[in-house]
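Summary of structural features
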Amino acid sequence: MRVLLTGGAGYIGSHTAIALLESGHDVVVLDDFSNSSSEAISRAGEIAGREIPLVRGDAADRSLVLEVLRGYQIDAVVHFAGRKSVGESVDDPLRYYSVNLGSALATLVAMADAGVHRFVFSSSATVYERPGEGLVEHDPVGIDLPNPYGRTKAMIEAIIADAARADARLHAAVLRYFNPVGAHPSGRIGEDPKGVPNNLMPFVAQVAVGERERVRVFGDDYPTADGTGVRDYIHVVDLALGHVAALEALEPGLFTVNLGTGRGASVFDVLRAFEAVADRAVPYEVVERRPGDAAVSTADPSLAHQRLGWKAQRSLDDAVRDAWRWQRANPHGYREGEE
Ligand code: WQD
């Protein structure tokens, strides 16, 4: 299939581009580079040994998406485009609704106009989070979520469900990611957060490589084995392969699966894994809990196993080893040479 990746120059998108090319598909990327770099896609093309056509533009621009769908004779779309910071969404909800809902709607409408009916959506475990309780077992809570970012994901899931009910030609999949971590084993592409990383793994990597002084552990008084938050860290290469499996399993209608390992790891587990791989201490201090954080968030990936024949193969240690290799080789991410 020829697959359009909207927001495909980002962390998950660039890894998915490689997995698709290596599985024999063709890839085209549309990205506005508001939170990514074109360098990620040129390197992804080098790794896969294939050119990746790259269109600079906004996935919320319906006429542009239509032009790309028709111009490149696209068979399927994986929609990554959108903003993804929980904290930022609380401060600037209208931007999140405008960008995330706008790009999803423009893409879906352009697809209907172009007669493209295969769609995979990048969603998030955040749709399970109840306000004030963090993550509860796997029954999505609709739009009563703790933050606007999560609400945009739940709203887009509802839009896809309505579209699939109304048009039997639509073949759709919703993929709810748990915590993507790690990097391609080549060390050439990886997570490149702008500014201070919100997420644990890139922050620890920057401390381990000496970019930052110490890790702030957000609370060690959770009801978990060591008191710190437990998450389901899934290697980004496993996540990328989950997208290939989902695309190849599409059929009329909609299916929704969790992409996670099913295993939990605590903040201290991550710190220890980094210390073992980097062979150095990772300084930290325990501070107050971060508001809204759940004690435990781990996936039930059984439906993904059954429906997609997909299972995460890589361990937390694999992810830490690959994240460390990426961080050391690219201390300033794709902005190499910058101080
Ligand atoms: C992991 C654990 C923190 C940073 C977020 C989004 C979610 C999804 C994935 C987009 C928690 C602790 C973290 C730090 C810490 N994003 N932590 N010090 O919060 O599970 O999920 O990213 O879809 O929507 O909410 O990931 O990496 O921020 O936190 O102690 O500096 O690490 O308390 O227990 P999270 P995270």
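Definitions and limits used
All residue numbers refer to position in the chain's written sequence, counted from 1. Given that this is a predicted model, residues contribute local features only at a pLDDT of at least 70 and side-chain atom pairs are listed and counted only at 80 or more, while totals for whole chains, interfaces and linings are drawn from all residues. Excluded from the side-chain calculation are hydrogens and water; included are all heavy atoms of the structure. Two strands pair if DSSP finds at least two bridges between them. Going along the chain from the N terminus, every DSSP run of H or I of four or more residues is numbered as a helix, and every run of E of two or more is numbered as a strand. Throughout this description, buried means an accessible area under 20% of the type-specific maximum (1.4 Å probe, protein chains only), exposed means over 50%, and partly exposed covers the range between. Whenever a helix is involved, its axis is fitted only over the stretch in contact; in every case the axis is a line through C-alpha atoms, and angles between N-to-C directions fall within 0 to 180 degrees. Note on terminology: angles under 35 degrees are roughly parallel, angles over 145 are roughly antiparallel, angles of 65 to 115 are roughly perpendicular, and the others are oblique. For any pair of crossing helices, the crossing counts as left-handed if the nearer helix is rotated counterclockwise from the farther one by less than a right angle, and right-handed if it is rotated clockwise. Residues are treated as being in contact if the distance between any of their heavy atoms lies within 4.5 Å. As a working rule, the residues Ala, Val, Leu, Ile, Met, Phe, Trp, Tyr, Cys and Pro are called nonpolar, Asp, Glu, Lys and Arg charged, and the rest polar, with Gly in that last group. Any pair of nitrogen or oxygen atoms within 3.5 Å is treated as a polar contact; in protein, a donor-acceptor pairing is required on top of that, and neighbouring residues in sequence qualify only through side-chain atoms on both sides. Here a residue is near a molecule or strand as soon as one of its heavy atoms is found within 4 Å of it. Computed with the Shrake-Rupley method and a 1.4 Å probe, the accessible areas treat only the protein chains shown as cover for residues.

Taken together, 3 strands build an open sheet; the order of strands is β14-β11-β16 and the sheet is mixed. The outermost strands of the open sheet, each flanked by one partner alone, are β14 (265-266) and β16 (296-297). Across 2 bridges, strand β11 (residues 230-231) lies against β14 in antiparallel orientation. Paired with valine 230 across the bridge in β14 is serine 266.

Turning our eyes to something else, we now look at unusual backbone geometry. Although it is not a glycine, phenylalanine 33 sits at a positive phi angle of roughly 60°. The phi torsion at glutamine 73 lies on the positive side, around 50°, for a residue other than glycine. With respect to the helices, strands and loops of the structure, glutamine 73 is situated in the loop between α3 (62-71) and β4 (76-79). Its relative accessible area of 60% is what places glutamine 73 among the exposed residues.

Each pair of packed helices gets described by two things: the angle between the helix axes and the distance between those axes. Running from amino to carboxyl end, helix α9 (residues 267-278) crosses helix α11 (residues 316-329) at an angle of 55°, the nearest separation of the two axes being 9 Å. Relative to α11, the element α9 lies oblique. Judged by the sense of rotation from one axis to the other, the crossing of α9 with α11 is right-handed. Two secondary-structure elements touch here, α9 through Asp269, Val270, Ala273, Phe274, Val277 and Ala278 and α11 through Leu316, Asp317, Val320, Arg321, Ala323 and Trp324. Class assignment for the residues of the contact of α9 with α11 results in 9 nonpolar, no polar and 3 charged.

Here we take up the pairing of strand β8 (residues 171-177). With respect to burial, β8 is a largely interior element, 7 of its 7 residues being buried. Taking every second residue as pointing to the same face, both faces of β8 are buried, with His171, Ala173, Leu175 and Tyr177 on one and Ala172, Val174 and Arg176 on the other. Sheet topology places strand β5 (residues 118-124) next to β8; 7 bridges connect them, and they run parallel. Across the sheet, the residue bridging to serine 123 is arginine 176, located in β8. With 7 bridges joining them, β8 and strand β13 (residues 253-259) adopt parallel strand pairing. Within the sheet, the bridge partner assigned to tyrosine 177 lies in β13 and is leucine 259.

Right, let's get into the environment of glutamine 313. Relative to the elements of secondary structure, glutamine 313 occurs in the loop between α10 (302-308) and α11. Its relative accessible area of 62% is what places glutamine 313 among the exposed residues. Put simply, glutamine 313 and valine 99 are 214 residues apart on the chain and 33 Å apart in space, counted from C-alpha to C-alpha. Within polar-contact distance, the side chain of glutamine 313 engages the backbone oxygen of lysine 311 at 2.9 Å.

Moving on: the packing of helix α5 (residues 93-114) against helix α6 (residues 148-166). For the pair α5 and α6, interaxial distance at closest approach is 9 Å and the crossing angle is 20°. The angle between the axes of α5 and α6 places the two elements in the roughly parallel class. In the crossing of α5 with α6, the sense of the turn from one axis to the other is right-handed. Residues Pro93, Tyr96, Tyr97, Asn100, Leu101, Ala104, Leu105 and Leu108 of α5 touch α6, and the partners they reach there are Pro148, Tyr149, Arg151, Thr152, Met155, Ile156, Ile159 and Ile160. Classifying every residue of the contact of α5 with α6 gives 13 nonpolar, 2 polar and 1 charged.

Next up on the list: the site of the ligand. As a structural note, the neighbourhood of the ligand is formed by 17 residues, with Tyr149, Leu200, Arg216, Arg231 and Asp293 the closest of them. Here an oxygen atom of the ligand and a backbone polar atom of asparagine 198 are 3.5 Å apart. Taking leucine 200, its main chain carries an N or O atom lying 2.8 Å from an oxygen atom of the ligand. Taken by itself the ligand offers 690 Å² of open surface, and the protein chains cover 89% of this.

Among all positions in α3, only Leu64, Val65, Leu66, Val68 and Leu69 are buried. In the core, the buried residues of α3 are packed alongside β1 (2-6), β2 (26-31), β3 (54-56), β4 and α5. One or two steps after α3, the chain reaches glutamine 73, where phi turns positive at roughly 50°.

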